[in-house]
Amino acid sequence: MKTITVLPGDGIGPEVTTSAVRVLRALFEKSGRDVQFIEKKIGGAAIDTFGTPLPQETIDQCHNSDAILLGAVGGPKWNAQSMNVRPEQGLLGIRKTMGLFANLRPVEAFDTLIDSSPIKRSFVEHVNFVIVRELTGGLYFGRPSERRGAHHEQVVDTLSYSKNEIERVVEKAFQLAMKRNKKLTSIDKANVLESSRMWRELVNQIAERYPEVTVSHQLVDSAAMQLITNPAQFDVLVTENMFGDILSDEASVITGSLGMMPSASLRSDKVGLYEPAHGSAPDIAGQGIANPLATILSAALLLRYSLDMDQEAAQIEKAVRNVLSQGYHTCDLQMEQPNNHIVNTAEITDLVINAVNENQT
Ligand code: NAD
Ligand code: IPM
Ligand code: MN
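If you're wondering where the values come from, they're calculated on a predicted model, not measured in any experiment. (Residues numbered from 1 in each chain as written. Chains lettered and ligands numbered in written order. Predicted model: local features only at pLDDT ≥ 70, side-chain atom pairs only at ≥ 80, totals over all residues.)

A.B. asks: Mind showing me how you'd approach the sheet that holds strand 1 (residues 2-9) here?
C.D. replies: Paired through their backbone hydrogen bonds, the strands of a sheet run either parallel or antiparallel. Read across the sheet, 10 strands follow the order 2-1-3-12-11-4-5-10-8-9 without closing on themselves; strand pairing throughout is mixed. Every interior strand has two partners, whereas the edge strands, strand 2 (35-39) and strand 9 (214-219), have only one. On average, each strand axis in the sheet is tilted by 25° relative to the strand beside it, whichever way the strands run. As paired strands, strand 3 (residues 67-72) and strand 12 (residues 272-274) are joined by three bridges and run parallel to one another. If you follow Ala67 over to strand 12, its bridge partner there is Gly272. (Pairing = 2+ DSSP bridges. Helix = DSSP H or I, 4+ residues; strand = E, 2+ residues; numbered from the N terminus. Axes fitted to C-alpha atoms, helices over the stretch in contact; angles between N-to-C directions.)

A.B. asks: Honestly, the site of ligand 1 in this entry has me stumped. Any pointers?
C.D. replies: The full set close to ligand 1 counts 22 residues, and Gly74, Gly259, His278, Gly279 and Asn291 are the nearest of them. For the shell around ligand 1, the per-class residue count stands at 11 nonpolar, seven polar and four charged. (Near = placed C-beta within 6 Å. Nonpolar A, V, L, I, M, F, W, Y, C, P; charged D, E, K, R; others polar.)

A.B. asks: I'm lost on helix 1 (residues 13-31) in this one. Help?
C.D. replies: An α-helix turns once per 3.6 residues; consequently, residues spaced three or four apart project the same way. For helix 1, with 19 residues, the first-to-last C-alpha span of 27 Å sits near the 27 Å given by 1.5 Å per residue. Listed in full, the buried residues belonging to helix 1 are Gly13, Pro14, Glu15, Val16, Thr17, Ser19, Ala20, Val21, Val23, Leu24, Leu27 and Phe28. Packed against the buried residues of helix 1 are strand 1, strand 2, strand 3, helix 10 (293-306), helix 11 (310-325) and helix 12 (345-357). Once helix 1 finishes, Gly32 follows within two positions and takes phi at roughly 70°, a positive value. (Expected span 1.5 Å × (residues − 1). Buried ≥ 20, exposed ≤ 12 C-beta atoms within 10 Å, placed from the backbone. Contact = placed C-beta atoms within 7 Å.)

A.B. asks: Hey, could you run me through the site of ligand 2 in this one?
C.D. replies: In the region of ligand 2, the neighbouring residues are Gly74, Glu88, Leu91, Leu92, Asp245, Ala277 and Gly279. For the shell around ligand 2, the leading source of residues is helix 4 (residues 87-97), giving three residues. Partitioned by chemical class, the residues of the shell around ligand 2 number three nonpolar, two polar and two charged.

A.B. asks: I'm lost on the domain arrangement of the protein chain in this one. Help?
C.D. replies: Quoted interface sizes are often the accessible area lost when the parts come together. Per the domain assignment, the segments making up the protein chain are domain 1 (1-105 + 259-361) and domain 2 (118-255). Tallying the contact residues gives 14 residues for domain 1 and 18 residues for domain 2. Secondary-structure elements contributing two or more residues to the side of domain 1 that touches domain 2 are helix 4 and strand 4 (102-108). Ranked by the residues each element gives to the side of domain 1 that touches domain 2, the list is headed by strand 4, at four residues. In terms of residue class, the side of domain 1 that touches domain 2 is built from eight nonpolar, three polar and three charged. (Domains from an automatic or database assignment.)

A.B. asks: Help me understand the pairing of strand 5 (residues 128-134), please; the structure alone is not making it clear to me.
C.D. replies: Each regular strand displays side chains that alternate between the two surfaces of the sheet. Of all the seven residues making up strand 5, six are buried; the element is thus mostly covered by neighbouring parts of the structure. Bridging between strand 4 and strand 5 involves seven bridges; their strand directions are antiparallel. Paired with Asn103 across the two strands is Arg133, which belongs to strand 5. Pairing of strand 5 with strand 10 (residues 236-239) involves four bridges; the strand directions are parallel. Each residue of the ladder has a partner; that of Ile131, found in strand 10, is Leu237.

A.B. asks: What is the right way to read helix 10 from this model?
C.D. replies: Between its terminal C-alpha atoms helix 10 stretches 19 Å, which fits the 20 Å expected from 14 residues at 1.5 Å a residue. Across the 14 residues that make up helix 10, a large majority, 14, are buried. A positive phi of about 55° marks Asp308, the residue just after helix 10.

A.B. asks: Whenever I open this one, the UniProt feature "binding site: substrate" (unreviewed entry) in the protein chain confuses me. Can you help?
C.D. replies: UniProt feature "binding site: substrate" (unreviewed entry): in the numbering of this structure it lies at Arg95, Arg105, Arg133 and Asp221. For the annotated residues, spread through 127 residues, the largest C-alpha to C-alpha distance comes to 26.7 Å, inconsistent with a single compact locus. Position of Arg95 relative to the elements: it lies in helix 4. We classify Arg95 as buried; it has 22 C-beta atoms within 10 Å. If near-sequence neighbours (up to four positions away) are discounted, Arg95 is found in contact with Leu100, Leu135, Thr136, Ser265 and Leu273. Within the element layout of this structure, Arg105 appears in strand 4. Accessibility expressed as a C-beta count within 10 Å gives 25 for Arg105, which makes it buried. Beyond its immediate chain neighbours, meaning those up to four positions away, Arg105 contacts Val130, Ile131, Arg133, Ser248, Met261, Ser263 and Ala277. (UniProt positions renumbered as here; feature names shortened; annotations may be inferred.)

A.B. asks: Sorry if this is basic, but what is going on with the UniProt feature "binding site: Mg(2+)" (unreviewed entry) in the protein chain here?
C.D. replies: Per the UniProt record, the feature "binding site: Mg(2+)" (unreviewed entry) sits at Asp221, Asp245 and Asp249. Among the secondary structure elements, Asp221 is positioned in helix 8 (residues 220-229). Taking the number of C-beta atoms within 10 Å as the measure of exposure, Asp221 has 13 and is therefore partly exposed. Discounting residues that sit within four places of it in the chain, Asp249 has contacts with Leu258 and Ala277.

A.B. asks: What is the right way to read the confidence of the model for the protein chain from this model?
C.D. replies: In low-pLDDT segments, the atomic positions of the prediction should not be examined closely. Taken residue by residue, the protein chain gives an average pLDDT of 96. The fraction at 70 or more is 98%. Scored as a whole, the predicted complex attains pTM 0.97, and scored at its interfaces, ipTM 0.99. (pLDDT = per-residue confidence, 0-100.)

A.B. asks: In this structure, what is going on with the nonpolar core? I would like to understand it.
C.D. replies: A general feature of soluble globular proteins is that nonpolar side chains tend to end up buried together. Counting 98 residues, the largest nonpolar core has Val23, Leu69, Val132, Ala299 and Val352 as its most contacted members. Top contributing element to this core by residue count: helix 10, with 10 residues. Counting only domains with at least three residues in this core, you end up with domain 1 (1-105 + 259-361) and domain 2 (118-255). The contacts of Leu69, once residues within four sequence positions are left out, are Ile4, Val6, Thr17, Ala20, Tyr274, Ser298, Ala299 and Leu302. (Core = buried A, V, L, I, M, F, W, Y, C linked by C-beta atoms within 7 Å.)

See below:
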């Protein structure tokens, strides 16, 4: 039997994971697969119960799982806490403890959502790329990271990468490019940062083993502009942790909403953590209106990468496409077609499950 650990977290996290688990259960029922779901706390919810954002029992359960499905962490309730008890540390901690160094964030402009993006239709059409974000190094995990001086006149955050940390994520990106359109764009700040210069050198070295892949380098500031003005040029993007964080929220604008961007955090074996790229959306939490599609699409990635269920993963993706093409969407998406219907979280989940069950896929 396979085990999926569910970490709903905070804000809309429990709402969107409930949706994704419902879709997965429907699929497992259909295919007769024996999979158990075990729920654990992370983030603010864990602080409230255990006084820590990443309890040991959550870590142990994740280590005994085939895959982890996570909602989101954080919220105003915990913002006043000192840094070491913030909900976000729970998320960083589980990524680090599990060694999930490669975060894949696919960006796809679904036909029916092209006019939902504020970017011109002609720029967004046919866009389909994946951001590969390094996830367990860089500024997020720098040591020292501290305030100095009697009155904290100085703060220090350090950006450190080892050769191995860079090589393994770049290698993953090349492997992905080989399965796609064989085009890799590496994004750095090599005109300023030493870590970026090493990043660029290692990309060029690894490129020699992948002669079929066309490699280019872009500086992150220019890349941020090109993501809007010419997103169709990209196939696979690879970049360090913080650049990847910022560029992925920017890239979500192409899809029409942050609520449309799934993610897979992977390592060298099949175990992975799957979560939407968005946060806990405190402004809409508890209203039942959050878009669950990023989490449902993350569940599809879970099936593909951790459970070898490619066909079922494709069924979810097609079901999502079908539901959107019928004009159904949550209120974060702006659709301007005559037959559009705004639905809530539970309703769009029902529609996806119906589409999966009816095999309209
Ligand atoms: P956010 O992603 O939570 O929200 C940004 C905006 O997008 C909000 O207006 C929100 O309503 C909207 N939005 C996000 N997801 C949506 C969805 N599925 N459906 C509809 N609308 C959606 O970012 P934020 O407001 O900057 O951060 C809120 C909290 O979430 C912070 O505590 C932050 O640290 C945390 N956060 C967590 C994660 C994570 O757990 N992976 C990611 C990002 C932010
Ligand atoms: C994300 C989030 C997290 C990150 C935060 C909440 C720690 O923004 O998953 O993109 O920066 O990695
Ligand atoms: Mn982010």
